[in-house]
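# Coordinate analysis (summary)
So the chains spell out like this:
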Amino acid sequence: MNAMLAPFCCDREAPPRDALSAREVLAVEDVRKTFEEGSQKVEVLRGVSLAVDQGEVVALEGPSGSGKTTLLSIMGCILTPSAGRIRIAGREVSGDEAALRDVRKRSIGFVFQQYNLFPALTALENVEYALNVKGVRGRGANAEAARVLDLVGLGDRKRFLPRDLSGGQKQRVAIARALAGSPEVLLADEPTANLDTAVGTQILELFQKLAKEENKGLVIVTHDPKVRNVADRVVGIRDGRLSDPTEH
Amino acid sequence: MVSLARKNLLHDRLRFVITVAGVAFAVTLVLVQVGLFLGLLGKATVTIENSSADIWVTSRETPNVDFAHSFPETTVLRVRGVAGVEKADNAIVQFMNIMLPSGAEEGCLVYGLEDFSAWNLPWDVESGDPTELRRGDFILMDRSAERRFGPFQVGDYREILGHRFRIIGATRGAASFTTAPVVFMDFRRAQGLQQTVHNRTSYILVKVAPGHDAAQVAERIRAVTPYNDVYTRAEWAARSRNYWVVSTGLGMNMGITVFLGILVGIVVVAQTLYTSAVEHVKEFGTVKAIGGSNWDIYRILGEQALIAAVVGYAIGAAMSFGMRPLLAQLHLNVLVSPQFAATVFAGTVLMCLGAAMLSFKRVAGIDPALVFRA
Ligand SMILES: Nc1ncnc2c1ncn2[C@@H]1O[C@H](COP(=O)(O)OP(=O)(O)O)[C@@H](O)[C@H]1O
Ligand SMILES: [Mg+2]
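Here's what I pulled together on the structure shown here. Residue numbering note: each chain is counted from 1, following its sequence as written. Note on labels: chains are lettered from A, ligands numbered from 1, in written order. Local features in a predicted model are, by the rule used here, given only for residues with pLDDT of at least 70; side-chain atom pairs are given and counted only at 80 or more, and totals for whole chains, interfaces and linings are based on all residues. Hydrogens and water molecules were not included; the side-chain quantities draw on all heavy atoms of the structure.

### Quick look at the layout of surface pockets
All names here are of chain B. In this analysis the probe radius is 1.4 Å and the grid spacing 1 Å, with only protein atoms considered; a cavity is a set of points the probe fits into but cannot get out of, a pocket is an open set with protein on both sides within 12 Å along at least five of seven lines, and lining residues have an atom within 4 Å of a point. Grid points are joined across faces, edges and corners, and a volume is the space filled by probe spheres set on the points. The computed volume of the largest pocket comes to approximately 620 Å³. Lys43, Ser144, Arg147, Ala175 and His331 are the residues nearest the centre of the largest pocket, which is lined by 27 residues in total. Labels follow the DSSP assignment, with helices taken as runs of H or I lasting at least four residues and strands as runs of E lasting at least two, numbered in each case from the N terminus. Mapped by element, the contributors of at least two residues to the lining of the largest pocket are helix H2 (13–50) and helix H4 (146–149). When residues of the lining of the largest pocket are assigned to their parent elements, the largest contribution, six residues, is made by H2. Any residue that is not Ala, Val, Leu, Ile, Met, Phe, Trp, Tyr, Cys, Pro, Asp, Glu, Lys or Arg is counted as polar, Gly included; the first ten are nonpolar and the last four charged. Here the residues of the lining of the largest pocket sort into 13 nonpolar, eight polar and six charged. Split by domain, the lining of the largest pocket shows at least three residues from each of two domains, domain 1 (2–43 + 249–372) and domain 2 (61–226). All domain edges in this entry derive from an automatic or database-based domain assignment.

What follows is the structure in structure tokens.
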């Protein structure tokens, strides 16, 4: 791991390595999710198991409504499963809200289809504010924000507001924001859906490169076929079950 | 630290202007209205505050210094005999009719004493000598009379209750809540002018000897004057003030104005902050998704409320002070003490924070999962 990141990870214990793969950063085991809408119960996930290693890029493919976002939300500790276990950075995740928030704070970086940048904040401030929320303050936050923006190639756009950036540039800011604070896991929901083909390809290649360099586990949910070019593994999801993982 | 609160406020500039305008309006309303009220109320007690009398003996149930009744002038002899009384004198305060050069008859409030200088009345003499009043049919007239009576000059004559007096000087700042101009004349002449005060007096002014406590001396005076009321200076000022506050409905009026000001402030601030919170729901969802708690979001709303409070107060206070010269031209005095200004500031901050809290429930319910929705 990059030596510069030491201040952001020093309070993390080393994962207990015995029982699991030494490089595993994220695992879900037999996860189920049922939504109740009125009297109707919709079983969206019907026993999903998946593990992601450090530096591994996993593509999650499936038709609309197959439960991709639901699974990603559960992996990102935004949603709790109806059943099943989740391990992030070697730790079992418990269901209470404060613990989930803590995992999101320390271990997860999100990238969304809609970018979800703060429109009133510049590129640099967007990243710096996320670090502030994660408990990194002052000059450390500013320096880390500048570092990750350089990594995504936006060193010369730090003072731009989102409205003055192109779609691709916005998604780069979002990637920088996800990287900031050095979480072990990056989760992206349809990150290229709003981008044209060429820009989408650039974003995916950047994503892959950074996940490798910074040693993150990366899950990209998409139905963009280009993802196959950057993924180490493509996992299909259909009717709430994973299809056989296809080695790429 | 990046302040999302501040950046969002400046981003939604129009809304920020409306919020601040609402706060500034409320602050101006309260400062000017209450300031005017206090300025007006100051007139109700100006002679009590300025005279050197520590204790006032009044006739029973006298409601305020202007509305005096009378009691036998010999009562003063008993008061002089009380331990701790250094000096006690009769004083007449009486409305009398005065004839103006125009032929119009007006009312004035006559203060009659034998020894004005002993009681620091009048306290601001522009010209003339109060001790001269004993030597003839002379009066001192307050300059504030010119507003109602027209200009006067020292040496002019005025007829009071059919008796001619020469104006031998002018005073400043002596006023009555009733707006009747104040005239100073010798006690005996004032007594002689009006049948109802023959051998009688309106008040006994008492100075307490050094080392004695005014409240204790007042208690002793009460024992020897069973048909009178006895007040210390502060008690008498409070009684005079309260009379006007309560009887005129001014107090109620003030209360309603302050209430409306605060209500308008709260409604505007609560409304704009709430709309802002609703519009930024997705941003707050993002804050939660990246690990922020409800408190992080409450802090954003609180900081916005605080900024609106400080900026709104500054503008409101500046507007109030800007209005003072204008109101002064209308002979209205806006009295704003530093303590009152500080109280209004604290109230503004509380008002804005309270308004922000009305949005707390809304943002507490925000589901971070909405970050995945279009
Ligand atoms: N909060 C929810 N309440 C009820 N049903 C939901 C909720 N979230 C998702 N679903 C349902 O779960 C199914 C899978 O949704 P989602 O995970 O968003 O699919 P995908 O991302 O693959 O398009 C859909 O049928 C959707 O309607
Ligand atoms: Mg989806």
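### Examining the interface of chain A and chain B
A common measure of how large an interface is: the accessible area buried when the components associate. By the convention used here, residues are in contact when the closest approach between their heavy atoms is within 4.5 Å. Chain A puts 26 residues into the contact, and the matching count from chain B is 23 residues. Note on terms: buried area is the combined drop in 1.4 Å-probe accessible area of two parts once they are placed together, counting the loss on both. Buried area between chain A and chain B, summed over both chains or domains, comes out near 2400 Å², and the portion from carbon and sulfur atoms is 68%. Should a side-chain nitrogen of Lys or Arg be within 4 Å of a carboxyl oxygen of Asp or Glu, the pair is scored as a salt bridge. The interface formed by chain A and chain B includes one salt bridge. Residues lysine 7 of chain B and glutamate 125 of chain A are paired through a salt bridge, measuring 2.8 Å at the closest nitrogen-oxygen approach. Think of a polar contact as two N or O atoms within 3.5 Å of one another; within protein, one of them needs to be a possible hydrogen donor and the other a possible acceptor, and neighboring residues in sequence only count if both atoms come from side chains. Linking chain A with chain B are five residue pairs in polar contact (both at pLDDT 80 or more). Sorting the residues of the side of chain A that touches chain B by element identifies helix H2 (68–75), helix H3 (97–107) and helix H4 (123–133) of chain A as the ones contributing at least two each. Sorting elements by how many residues they give to the side of chain A that touches chain B places H4 of chain A first, with six residues. Considered class by class, the residues forming the side of chain A that touches chain B number 11 nonpolar, five polar and 10 charged.

### Observations concerning the packing of H2 of chain B against helix H10 (residues 294–329) of chain B
Residue and element names in this part refer to chain B. The interhelical angle for the contact between H2 and H10, taken along N-to-C directions, is 45 degrees, at an axis separation of 7 Å. What the angle tells us is that H2 and H10 run oblique. Considering the relative orientation of H2 and H10, their crossing is right-handed. Split by residue class, the contact of H2 with H10 holds 17 nonpolar, five polar and no charged. Axis lines are fitted to C-alpha atoms, over the contacting stretch for helices. Their N-to-C directions set the angle, which ranges from 0 to 180 degrees. Roughly parallel refers to an angle under 35 degrees, roughly antiparallel to one over 145, roughly perpendicular to one between 65 and 115, and oblique to any angle outside these ranges. By convention the crossing between two helices is left-handed if the near helix lies anticlockwise of the far one by an angle smaller than a right angle, and right-handed if it lies clockwise.

By themselves, these figures tell us nothing about what the structure is for.
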